[in-house]
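Report on the structure
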Amino acid sequence: MFSWLKARSPESRQARSGVRDRWGGWASVALILAVILVPPALIRGQREPMRFDDRHLRQLQTLQPEYVFVGSSTLLSRIDPARIGTLRPGTHAYLLGEVGSMSALWYLWVKNSLLPSGVRPKVLFIHFRDTELTDPIDETGSVVGQEKIARNRVGDERLFDRVMGYHKGVIGRLREGLLRLYPIQETWRKSGLWLIDGIGFFAASPEYRVYLRKRLFGSDPITSDEAAEVVAERGRFKARLAGEIFSSANQRVLKGKGGLTGGADERLDFSARLEHAFLPELVRLGKEVAARVIFVRMEPRPPMDDSSLTESGAMGDYQAALRGYLAREGVELHDFNDERAFKFDMYLDGGHIKPEFRSFYTERFVERLSEAFR
Amino acid sequence: MIFHSLDFLLFFLFVLAVYWQLGRRAQNLFLLGMSYFFYGYVHPWFLYLIFASTVVDYFCGLTIARHPEKKRFVLWFSIVSNLTFLCYFKYFGFFVDNVAELLHLLGLPSFTNTLDIFLPVGISFYTFQSMSYIIDVYAGRLKARENFFEFALFVVFFPQLVAGPIERAITFLPQIEKERSISATDVRDALFLLVWGFFKKLVIADNVAYIANKLFALEETTFALAWTGVFAFGVQVYADFSAYTDIAHASARLIGFKLSPNFNHPFIAASPAEFWKRWHISLSSYIQDYIFLPLYFRFRTRGVRYAVEKGLLITFFLIGLWHGAGWNFILFGIYHGMLVIVYDRCKVVTPIGIRENPWMRPFQILLMFSLANVGFLLFRESEMDYILRHLTLSPLAATGELQWRAACFLFGQALFFSLPLWIHTAYAHMGHRLIPAESWFRTFLQVMVSAAMFLAILVARGDSEEFIYFQF
């Protein structure tokens, strides 16, 4: 019945099977592919052996904190544990956070560091942005992320692997495979950025050009002081670029353009995502380990005129469903999206607070949740 | 689905694996199914539109063939229905905004546009492509096709669906209708083109995009900073769009098709007319054949110059409008139209000894490159106040030391990232003389360069952005 589908013309068969090009036909294609694809895979770089990192566990045991905060770099930029110690004398706070972490890692920290440490804090704060509690994958897909996971898991993590497996999908697994095949892309990226900065600096700084000429073609050796000065000058220049020319005060308010993407975002379907999230386990473990569990939704940077941000209907529905779920589970949720004390200029970017405002943020946080810090 | 994603890699490997096991008719059906999957991957409702457009033009083509006496009516029916889709999704919001603004300016009761019409990706490309079929059938240059699936494949062919090149039915349909084959040479050439395309997108375009975005976002700027941003954007848009074209060419070649050229080193154009023969060739030749020439013949009775200039202004206005619903795009089109006209008038009064002198060409290229950058400013900057600000910044105004160094820093980086484009252009013009096309050394060089580019993609790719021309 479908024989016509297989019918091929004699020419096409000949073209497919009978080709012998001048450079060895298909063998040359294989050779070319090998030359392009294989060498980068052979550059493996320095890799540390992956063992459980008990740093958090030991520090928790030493400090015996009353307040434990869990979150990512956005938490680290906001909460100053030392300031909490001065605001609430005699108490200790500990940040269980790392740059680029999401709820997958938070779950592992609570399960494998906080719980076994024997520490029973008064309050466990879990800081998140928008959908992070039901969206465990972000940087966990990178080599660095995979290493973080490997350093925080203990033995057989069935639940963890099941949830992560769902979110990775085929594409995620393939991406992981590619990262393992070409670890060079993580290990060399910093060098690439350094080189590109150097090229810009070469164009911008006559002193650097003189230094390079001396280094490459000069007869006298470069002293370590000279080299250190060049590195320092490069740092100062970049700091001035960021702080003066590209400062937040010098940014235009860009008028919105019609986006290219839109439509329903499946990440905002709370009930569907909950089945494949670490949130239920975070709640269960949190209640087991701490007297009180508080989830804190962190605010994004406000617009330049410090007006309030409007939330999409779908996000509003998601947050309402999250609030309802947490209320049923008997844990609290504090949403800082309505907080007006934090102004545009206090932010380093869309999500992080500038270091000089960290203390102010902490004070406001303690003030707003004063009842939890009694 | 975007080319620089693992989704596409998996998709395309699957297509290749199955495609070459099938006979021609099955290949076409398979490609049609895969093309619909490709297009509807993110937003399945896009498929309704493209399918509607396909059905309308298929039946219009057949009607023209069967009822020649109605062919004029059917042609207009097809054009109007195609343009209605296009105008609604692309221009209706713009139109409503402008009406509201006008009412406000006149002091009449105005309104706020709450319409948020979602622009289907690639609608301008496939609408034009589909219309070329009807116009050619109407003009008798092409026979109306009976086979719906083959016609549908012409409209939705995935490698060039979302950002061109805009294929003509007259050259593409015959490729669908004949047996296709693939040789090792095709695969080899396609591989080089793929690596080059991904390199241009991920290493050049995405890295200079970072510079351009930063500089276009500044509230206070200087001449050097502002035009460094424009230069970076010019490099970005060329690298980005030509990368898409290269990947499209390579993908098509791997399934036995040959697409039309879209770029021919536009940055070495010495005049606006030459620029448009080298930039987005499939669009400019389409516009020339289907809009400019009919207009020219219509206006010719009032003199050749009048016909040419009026035709040029209208066609470039449409080129601008085709790019997007915004006054900056309209200005972009009119600016280029004016450039062509002014250059043409200057040509008449410039002695041939100067015009054709090969020593003058570098200066002509430099001038044209600078003028093209003004065009890129209009293309990128959607707010009139800021366009005016860019154009009125004086190069002689006092510039702070930090601003000057910052401009040098970013220009140095943008120039560094653009170097492969310049080298490629120089090689295309001189390399053939130095290295014969069929020499082993050339193949060796290609392999080494491809290996280096692949390494650069791994370690120096920028934060990936969507292809710019997806929005058109």
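Calculation rules
- Residues numbered from 1 in each chain as written.
- Chains lettered and ligands numbered in written order.
- Predicted model: local features only at pLDDT ≥ 70, side-chain atom pairs only at ≥ 80, totals over all residues.
- Heavy atoms only, no water.
- Axes fitted to C-alpha atoms, helices over the stretch in contact; angles between N-to-C directions.
- Helix = DSSP H or I, 4+ residues; strand = E, 2+ residues; numbered from the N terminus.
- Parallel < 35°, antiparallel > 145°, perpendicular 65-115°, else oblique.
- Contact = heavy atoms within 4.5 Å.
- Salt bridge = Lys/Arg side-chain N within 4 Å of Asp/Glu carboxyl O.
- Buried < 20%, exposed > 50% of the residue type's maximum accessible area, 1.4 Å probe, protein only.
- pLDDT = per-residue confidence, 0-100.
- Patch = residues over 30% accessible without salt bridge, like charges linked within 9 Å, V, L, I, M, F, W, Y side chains within 5 Å.
- Areas by Shrake-Rupley, 256 points an atom, 1.4 Å probe, with all protein chains shown as cover.

All names here are of chain B. It is at 7 Å that the axes of helix α13 (residues 327–349) and helix α15 (residues 361–380) come closest, and there the two elements cross at 160 degrees. With respect to α15, the element α13 is oriented roughly antiparallel. Contacts from Asn-328, Phe-329, Leu-331, Phe-332, Tyr-335, His-336, Leu-339 and Tyr-343 of α13 reach α15 at Leu-367, Met-368, Leu-371, Val-374, Gly-375, Leu-378, Phe-379 and Arg-380.

Quick look at the pattern of salt bridges now. On inspection of all chains with the given rule, the structure shows 42 salt bridges over all chains. Salt-bridge contacts for B:Glu177 lead to B:Arg145; the nearest nitrogen and oxygen are separated by 2.6 Å. Of the two residues, B:Glu177 is situated in helix α7 (residues 169–177) and B:Arg145 in the loop between α5 (123–139) and α6 (148–156); the sequence distance between them amounts to 32 residues. A relative accessible area of 13% places B:Arg145 in the buried class. Overlapping salt bridges, with partners in common, bring together A:Glu229, A:Glu233, A:Arg236, A:Arg240, B:Glu401 and B:Arg405 in one network.

With that settled, consider the confidence of the model for chain A. Residues and elements named next belong to chain A. A residue-level look at chain A finds 82% of positions with pLDDT of 70 or above and a mean pLDDT of 80. Within the model, pLDDT remains below 50 along residues 1–21, and this stretch shows 36 contacts once partners closer than five positions in the same chain are excluded. Within the model, the stretch residues 255–264 combines pLDDT values under 50 with 11 contacts to residues more than four positions away or in other chains.

Here we come to a nonpolar patch on the surface. Residues and elements named next belong to chain B. Together, Leu-313, Phe-317, Leu-318, Ile-334, Met-338 and Val-342 give the surface a local cluster of nonpolar side chains, amounting to about 420 Å² of exposed area. Looking at the nonpolar patch, the elements that each hand over two or more residues are α12 (304–323) and α13. Along the chain, Met-338 falls in helix α13.

Time to look at the environment of A:Arg323. Residues and elements named next belong to chain A. The residue Arg-323 is located in helix α16 (residues 313–329) in this model. In this structure Arg-323 comes out as partly exposed when scored by relative accessible area, which is 41%. For the pair Arg-323 and Leu-333, spaced 10 residues apart in sequence, the C-alpha separation works out to 6.6 Å. Beyond its immediate stretch of four places on either side in the chain, Arg-323 contacts Leu-333 and Asp-335.

Positioned with a positive phi, A:Asp130 is a non-glycine residue whose angle comes to about 30 degrees. Mapped onto the secondary structure, A:Asp130 falls in the loop between β3 (123–128) and α8 (143–152). Of note, B:His280 is a non-glycine position whose phi angle comes to about 45 degrees, a positive value. Tracing the sequence through the fold places B:His280 in the loop between α10 (272–278) and α11 (281–299).

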